[in-house]
Every structure is written in C-alpha cells, then in structure tokens.
Amino acid sequence: MTAELLADVAVGADAIFTYRVPPPLHTAIRSGHLVWAPLRQRLVQGIVLDLYAWGDHLNDADEPFNPPALRTHPSDLPDRQTPTLRDLIDIADPEASLTPAQIQLARWVSGYYRVSLYEALTLMLPPGVTRESETSWRATVEGHSATLGALPPGERDVLYLLRRSGEMTERDLRRRLRGSDAELQTIYAALRERGFIERGMVLSRARARPRTERLVRLAVSPDEARAALATLARAPRQRALAAYLIDQPESVSVSDALAAAAADTGALRALERRGLVEIIAQEVWRDPLANIVAAPDTPPVLSLAQQKAWDEIAGALDRLAAQPPARHTDAAPVHFLLHGVTGSGKTELYLRAIARALRLGRQALVLTPEIALTTQLVRRFAARFPGRLAVLHSELATGERYDQWRRLRRGDADIAIGSRSAVFAPLPRLGLIIVDEEHEPSYKHDAAPRYHARDVAQRLAVITGSVLILGSATPSVESYAAARARQLRLLELPDRVAMTLGPDGLPHTRTLPLPRVTIVDMRRELAEQNRSIFSRPLQEALAVALERGEQAILFLNRRGSALFFMCRDCGHVIACPNCSSPLTLHQESTGQQSDARTPASASLLVCHTCNHRELPPAICPQCWSSRVKSFGIGTQRVVDEIASLFPGARALRWDRDSVGRKGDHDRLLDQFLRHEADVLVGTQMIAKGLDLPMVGMVGVVAADTGLYLPDFRAGERTFQLLTQVAGRAGRRAEGARVIIQTYAPEHYALRAAQEHDYHTFYEEEIAFRRQTGYPPFNRLVRFVYSAGSDARARRAAESLADEIRALATKRLTDDWSLIGPAPAFFRIQRNRYRWHLILRTADPTPLLNALRLSPGWVIDIDPVHVL
C-alpha cells in the first residue's frame, strides 16, 4: 500500500512524494490524514492526498485490504519504483483528518487564489497541530572525554557548549555562537568526522493537544473500603481521603478530593499502592459556550413575506433528503440571495433552515463578518439549539478552537458558527451554508491566501451539494447582479417586523416602519456659527432620546481623538516615520478602563498601520512654530463632546482600541443591553447585525469618511454602512430617528440611504460599473510590490506591467486593460515603498496560468479594495 503525500517542504511549491504505508498503519490511515514522513535526513509533516493498493508489493497478499477512499484502478497507479520507497513514520494526530470535501475545496482555493496546495490545505487543519522537526547535535562519549584545548577555536566552542548544555538544535546553536551558517555547518561536519558529536532530530511541541483531568475513584467496593479504614488509624490523611471517596458515587477530580479531605498527593499515592483507589485520566472539553445562559425560545409566526421566502428555502432543503451527504450530484445546487431590510426577520429564517437541515441529518455552517456579531448570534442560536453549537473565531484560545474543530469532525456538534475562517470547518454531513451580511469586506482575508469567505462558501456549496443562503439588507453589487441574472435565487423581505405576544399568549409578528432619516448639511451649520462636532438637529434628537429613557448610537468610522496633527503656519502634518499615514491622536488612560468616560492621563500619536507611538510635538519639526494643533474627530473626541453637552449621559465606546482582550465584545454588549450606558459610540463593528432593542436614535457624526477614497467601491461601502447603522434604530417601537451629518448631502449614496432605497442605489451604481468596466462586468487582479526604496519598487512594477501587456495580447481577448503601475494609496508601510497595478478583464485565468511572478510580489484575486 502506498500513499501520495503533499509534504511541508517549501511554501509555494507543491511537493508530492510517494511513500510506502507500513502494515501497522493500514487500518488506521485515511486520505486527509496529517502524517510524519522521512525526507532526506529529517522528518516532515505532510497530508495524505491519495492511497493506492499495490498488490504485488504488499507484505501479506492473502490479507484482504479495503480502506475507504482507496484507488485501485491500474491507470491511477503512479509510475514509481516501489523497492526504493521509504515508509511513513506515523500519523501525527489521529483526529487531524480532512474530509474529502475539504481536500477538494483546498484544490479549488489553490488554483483560484494562486497559492500552493499545502498552503490551502493548512487552512483546513485544526489549529495548533502542525509541528516542525529540526536538526540537533549532541556530544558523544568520545566528545565528552576529548581535550578541548587540542581543537580549533570554532570546534572547541561548539563542543564545549554541547557538553555543557546537552543536545541543542541548530537554531539554538546559531543564537549562541558566532559565524555564518556555512561556517557552522563546516564545524559540525568536522566534529562529526572526529566522532565527537552526532546528529539528532528534535520535534517542536504541538500548540494544541487534548486537555485531560486526573480523576480518582475507589478501586474496591464501599464495604471493602470501610473495612480498610481500621488499618489507616495511624495515617489520618489517608483515612480522611478514603472516607471522602466512600461517599462519592462517581469519580471526582484529584484536586477537589484532596481539598475536601485536607489530604496531599502523598496520601493519594499511598492509597493507590494499597489498591484502595485508582487514578484515571479523562479528557476535558474546553467549551467557549460554557458560560452562556440562554433560555429556550419559541419560534414566532412568520409574516407573509417571511412565509413566502421560507417555503422556497424549505423546498430546497427537503430535496437534500434524496442525495447523500458531502457528495456532488448532477442536480444544480440551490443558492439563495435573501435581501431583507434591517429588522425584517432574516435570522428567524436562518434558524428555521438550520432546524430543517438538522432533522434531515445534516450539519449547518453559519458565517458572520465580525466577532461582535458572532456573540449575539451564538446566544440566539444556543437558545434554539442547546448543546449543538461549535464556535470558531480568532478570539478563542488555540486549545478551544482545537476542541471545537474536533467536535465538528466527530459529528458531536451539528452547527458551526464563526467568522471567515469557519468556512474551512470539517463538516462531513454539511447540508446548509448561511453567509450573514454577505456584503461585508471583512470576509476577505488580508494575508495570503487572500480568499473571500463568501466566494469560498459558494464553491463549498457546489462541492457538497448544500443549500446556500446569502443574507443582507444591503447586498453587494456583484451578488445582486448575479440574482438579476438568475445565477442566485432572489428572496426579498421588504418590511421590518417585530415580535409581540398576541391575545392567545403566543408570539406574533407585526410590521414596523423603518426609522426616519434626516440629512444635515454641515456646511450650513458652519455658516450659522455652529462650531460643535454635533449639529443642532443631532443635539436635539439625542436630548429627546435621553429624556425618553431610550438609548442612542453615535457612529464614526474613525478611532482616536483627532485624525491628524498639523502645523497651522507651514501646513506640515505629523506622519509615521515608518509609513505614509498621518499619526492619529489618542488619549491613553492610566488604569483599566471601566467606561468610555475614564479620564485620560496622556496624549499619544499612534499609527494605525504599524502601531508606532510618539508624544505630540510641542513645536513643528518643519518650521519650529508652536502653532501645532489636532484636526478632525475620532471616537474619543465624540465621547468627550457627549460628556460636555450631556453631563448625565453614560457613554460607552466600542472600537478596536476598547476590545483588545478576550471577552471584551461580550462585556460591552452586555453592558449596553443591561442599559448600563445611554450612548454607544463606535466604529463600523457596531454598524451591522446587532439587535439592540432600546435604541431609539442613531447619529452618524461624519458620513463623508471614506466617501471620496480612490476606490471604485467607495460609494457602495458608504451606502452599506449608513443603511446598516441606521437599521440599529427602532427595532421594537415606532418613532426612531436617524441623523446623518455630511458635507456632501447631494451624493446619490447618501440620498438612497436616507430613503432606505437599495434598488435606486443599485441602479445608479450598476450604471457606473458598466461604464467603467468594474465588477461585476469584469474581474480584477491586483499586483502589489513593496521594496526598501521607491525606485526599486517602481522598476519592478514597470517591468511586470510590460510582461503582463505582452502576455495579455497573446492570451486574452481584446477587452482588457491595465491600470497603473502607480504608487499605492498607502504608499509607505513599515518602511516599505508600495507600487501596484490592476488587471481588469473578463477572465484572467489564461494570463495567470502563463505568468511567473518573481519573489516580492503579492497577488490579490478579486480585491475588495484597491488602496
């Protein structure tokens, strides 16, 4: 039996090797397993892609062998000389086994996003299981007795260090010794030839392993244990521990038993030697949902629009019963775009769809764009499906994510919910995929592999034959265009609904109006001598909400106290020395921040790209003027203004600066839901999906932020943010208000957001996209190069541009264009100069197949921004 192994030897190269599977592993190994294999003089980890039966070379030809996923057709057999094959060492983690759908999805990710197959496969593996082997050296018996003074200086230093410290890896030796890698390798070879040292191999420790807890229980019957108490008269601690365990019907943890009996480990070991107790190890699941208390809820009666949408979703799910899990069929999978206004009841349809999928014996995957949104969805899902959830997102500890991954792979959990990386969860019986807020750019991974979770989910639905639901109040232009072209099945929920108890005591739904939106022209406010960051309509609306005992949200997509620090004499802006970004003013508090009004003790200028920090200058470094001042506003400045205008209002700030620790999202959400704060000030993480029942007023402090960025999606992004944040108001009662402050009140994105009119916005935006050839009419591929000098980055970009133009004329149709090369909008990041160019064409695949990028280039397929 042989295995085709994709080895972890070089990122960017798909190194596939053939190994012989030793007989002890025949019944255990499967395609998708993570295994150890020898490669030259070291051990490497690899993933089994395929298994082959090679009958002529099996040790026992009479023994039947038929493991799953075995390919035995002669045409499938690789052309290898079997006598030279080396044996696999072992399975790295028996539970780290990828499903066939995951392997197939990894192949697609590798081809579509232009990354190595191993890099794509590692996205699917449980966190913390990958390990490395490293060459080590240790002194031999002869080396320990050798005379150090007789050796050359370099050899003497190495041998002395190994004799003193024991076995050491080459990495540790390199840190302790002088000399280049080549010089050290020469020294190792010389000492090895003398017989003074020998080579070894050290494996790094896995970052995630099952957690076990030691339990103790009686090894004899209670009656026998009571009889033995008489023999323990001179061992009071042993007697107390035995008496305690006699009263315990189940095993108890060792720590609890020792504490309850006031005993120590010596007494426990003595009882074990007497044969009275036994100590066992039991795995303990690390459950991030252990502290969530959710009362079971009752599904409400659906509105007419919800019922119509649900009938279509239920029909598609019922057809799942006729096809086997995780297997692609000839029937076209059903992909829905659920377009419902904010508060229209999309989540209730998600819950019903999941319940139907579970009744059919399938698993469900739910993706959310933000960890903050995951928190509230998890609580609602836990109320409907207690004990059946697994959560996957980056805020969890490695051990927690490892346990959640294994629960899903085993089938112990039926629902996976999490942020973008959860799309790679192991779900062998997957039947339903839900992408909530599908328009969100945070579904795009900003490091290699630069995948988009929504697009990966669509491919996963095709591979597994699952029903896919893309949900949003503001669908992306690409998704809505696909629905118009009947590539997605469009379901619409045009009305906001709320749940109430009817005369029969059962929950019912009623229609609510969307909040009234007022656009305030800040140019007029300024002309009328209002210098506050709050317009008069915003101040009035906030005052009315506070008087009514309602809560309010003030949205600003900027952290800090001010946007930049500038000299009013020469115009010099204080910028990051490592990046091209202006430094942002922050107020740093001394102790733990209990709320957003905690007095600040110091001002700092912070770079939001590389986190460089420095004190604000007292004078301008350019002209030595003392007239340096902060300009613009951030969330901290908004909080300060609230404290000034409304001293009795309790403000809470929710942005990236206030959620730096695990559990901060939960803490802030609970504070606001318990009405421990009156005004929530935050950035875009509060603008989407949150259900905050007491919010009666929303204010957008600066709607122009991002509106005029050099990005073709700037208008779409602004409309989506404004519509989403406006949707946080009035979700339980009428009379809610939204105030949008802007210096561009005529912009079509703002006018459409004022009317909650997605269709008008879409018509304007799609006309612009059609005219300029941007998605969905063409696809984009962005190439970014960074170098230590601007000239080098420019030369590399111009060279690649020439190569792309030459290839495009041969391999693409006439309808293509190349934008750039040009400096990126964020030109310098972390002392690296950035140039980019963008290929715009209907299908870039033929060109990308022929293009060979040199090291240093970053390729972004279907970028969500071009900054």
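Our structure is the block above this text.
Here's what I pulled together on the structure shown here. Keep in mind that this is a model prediction, so the values were computed, not measured.

What counts as what
- Note on numbering: residues in each chain are counted from 1, in written sequence order.
- Per-residue local features of the predicted model are confined to residues with pLDDT of at least 70, and side-chain atom pairs are confined, for both listing and counting, to 80 or more; whole-chain, interface and lining totals are unaffected and use all residues.
- Hydrogens are left out, water is left out, and the side-chain values use all remaining heavy atoms of the structure.
- Pairing between strands is defined by DSSP: at least two bridges between the two strands are required.
- We count a stretch as a helix when DSSP gives it H or I for four or more residues in a row; a strand needs E for two or more, and each element gets its number in order from the N terminus.
- In this description, a line fitted to the C-alpha atoms serves as the axis of each element, helices being fitted only across the stretch in contact, and the angle between N-to-C directions of two axes falls anywhere from 0 to 180 degrees.
- In this analysis the probe radius is 1.4 Å and the grid spacing 1 Å, with only protein atoms considered; a cavity is a set of points the probe fits into but cannot get out of, a pocket is an open set with protein on both sides within 12 Å along at least five of seven lines, and lining residues have an atom within 4 Å of a point.
- Grid points are joined across faces, edges and corners, and a volume is the space filled by probe spheres set on the points.
- Under the scheme applied, nonpolar residues are Ala, Val, Leu, Ile, Met, Phe, Trp, Tyr, Cys and Pro; charged residues are Asp, Glu, Lys and Arg; polar residues are all the others, including Gly.
- The contact criterion used is simple: two residues touch if any of their non-hydrogen atoms lie within 4.5 Å.
- Salt bridge, as applied in this entry: a Lys or Arg side-chain nitrogen positioned within 4 Å of an Asp or Glu carboxyl oxygen.
- Working definition: with a 1.4 Å probe on protein chains only, accessible area under 20% of the residue-type maximum means buried, over 50% means exposed, and in between means partly exposed.
- Any residue with relative accessible area above 30% and no salt bridge may belong to a patch, with like charges joined within 9 Å and the nonpolar Val, Leu, Ile, Met, Phe, Trp and Tyr side chains within 5 Å.
- Surface accessibility follows the Shrake-Rupley procedure with a 1.4 Å probe radius. Residue values consider only the protein chains on display as shielding.
- Only buried residues count toward a nonpolar core, which is a set of Ala, Val, Leu, Ile, Met, Phe, Trp, Tyr and Cys residues joined through side-chain atoms within 4.5 Å.
- A helix's residues, less one, multiplied by 1.5 Å, set its expected span.
- An arc is given here, and it is the one of the directions from the helix axis to the C-beta atoms.

### Details of the sheet that holds strand 16 (residues 415–418)
Reading across from one edge, 15-16-14-17-18-13-19 is the order of the seven strands in this open sheet, with parallel pairing throughout. The outermost strands of the open sheet, each flanked by one partner alone, are strand 15 (389–392) and strand 19 (489–493). Shown here is a sheet whose adjacent strand axes are inclined to one another by a mean of 20 degrees, direction ignored. When strand 14 (residues 363–367) meets strand 17 (residues 430–436), the two strands line up parallel, connected through five bridges.

### Here's the deal with empty space enclosed by the protein
Throughout the structure, instances matching the rule amount to three cavities of 30 Å³ or more. Volume-wise, the largest cavity comes out at about 70 Å³. As for the largest cavity, its lining consists of Thr99, Ala101, Gln102, Leu105, Met124, Val423, Phe424, Ala425, Leu427, Leu430, Leu460 and Thr464. Considering each element in turn, the lining of the largest cavity owes the most residues, three residues, to helix 1 (residues 100–113). For the lining of the largest cavity, the residue count by class is nine nonpolar, three polar and no charged. The space that makes up the second largest cavity amounts to roughly 60 Å³. Contributing to the lining of the second largest cavity are His439, Glu440, Pro441, Gln684, Ala687, Lys688, Arg717, Gln720, Leu721 and Gln724. Classifying every residue of the lining of the second largest cavity gives three nonpolar, four polar and three charged.

### Considering the sheet that holds strand 23 (residues 551–555)
Taken together, the six strands give an open sheet; going across it, the order is 22-32-31-23-30-29, and neighbouring strands pair in parallel fashion. Where the open sheet ends on each side, the last strands, each with one partner, are strand 22 (516–521) and strand 29 (651–654). Across the sheet, the mean angle from the axis of one strand to that of its neighbour is 20 degrees, orientation sign disregarded. Sheet strands touched by helix 19 (residues 635–645): strand 23, strand 29 and strand 30 (679–682). Its angle to strand 30, the strand with the most contacts, is close to 155 degrees.

### Concerning the pattern of salt bridges
For the coordinates displayed, the defined rule picks out 46 salt bridges. Residue Arg237 pairs with Asp264 through a salt bridge whose shortest N-O separation is 2.7 Å. Pair noted here: Arg237 is in helix 8 (residues 236–246) and Asp264 is in the loop between helix 9 (254–261) and helix 10 (265–273), with a separation of 27 residues, a long-range link. The partly exposed category is assigned to Arg237, whose relative accessible area is 48%. Overall, Asp264 belongs to the partly exposed group, its relative accessible area being 30%. Among the charged side chains, a salt-bridge network with shared partners connects Glu95, Glu283, Arg286, Asp403, Arg406 and Arg410.

### Concerning the pairing of strand 1 (residues 2–7)
For strand 1, the buried fraction is high: six of the six residues fall into the buried class. Of the two faces of strand 1, the one carrying Thr2, Glu4 and Leu6 and the one carrying Ala3, Leu5 and Ala7 are both buried. Note that strand 1 and strand 2 (residues 16–20) share five bridges and pair antiparallel. Its bridge partner lying in strand 2, Ala3 is registered against Tyr19.

### Digging into a nonpolar patch on the surface
On the surface, Leu709, Phe825 and Phe826 cluster together to form a nonpolar patch covering roughly 250 Å² of accessible area. With respect to the helices and strands, the residue Phe826 is situated in strand 34 (residues 816–829).

### Here we look at the nonpolar core
Within the largest apolar cluster, 119 residues are counted, with the highest numbers of intra-cluster contacts made by Leu365 and Phe783. For this core, the element with the highest residue contribution is helix 24 (residues 790–811), accounting for eight residues. Discounting residues that sit within four places of it in the chain, Phe783 has contacts with Leu800, Ile804, Trp835, His836, Leu837, Leu839, Leu848, Leu851, Leu853, Trp857, Val858 and Ile859. Within the second largest apolar cluster, 38 residues are counted, among which are Ala353, Ala355, Val378 and Ile434.

### Brief notes about helix 18 (residues 536–547)
With twelve residues, helix 18 should reach 16 Å at 1.5 Å per residue; the first-to-last C-alpha distance of 17 Å fits that figure. For helix 18, the complete set of buried residues consists of Leu538, Ala541, Leu542 and Ala545. Each buried residue of helix 18 lies within a common arc of 100 degrees when the element is viewed along its axis, so the set occupies one face. Away from its buried face by more than 90 degrees, helix 18 exposes Glu540 and Glu547. As for helix 18, its buried residues are in contact with strand 23, strand 30, strand 31 (695–700) and strand 32 (737–742). Following helix 18 by one or two positions, Gly549 has its phi on the positive side, about 80 degrees.

### As for the pairing of strand 7 (residues 133–139)
A large share of strand 7 lies buried, amounting to six of its seven residues. Sheet analysis places strand 7 next to strand 9 (residues 197–203), joined by seven bridges and oriented antiparallel. Its bridge partner lying in strand 9, Ser133 is registered against Leu203.

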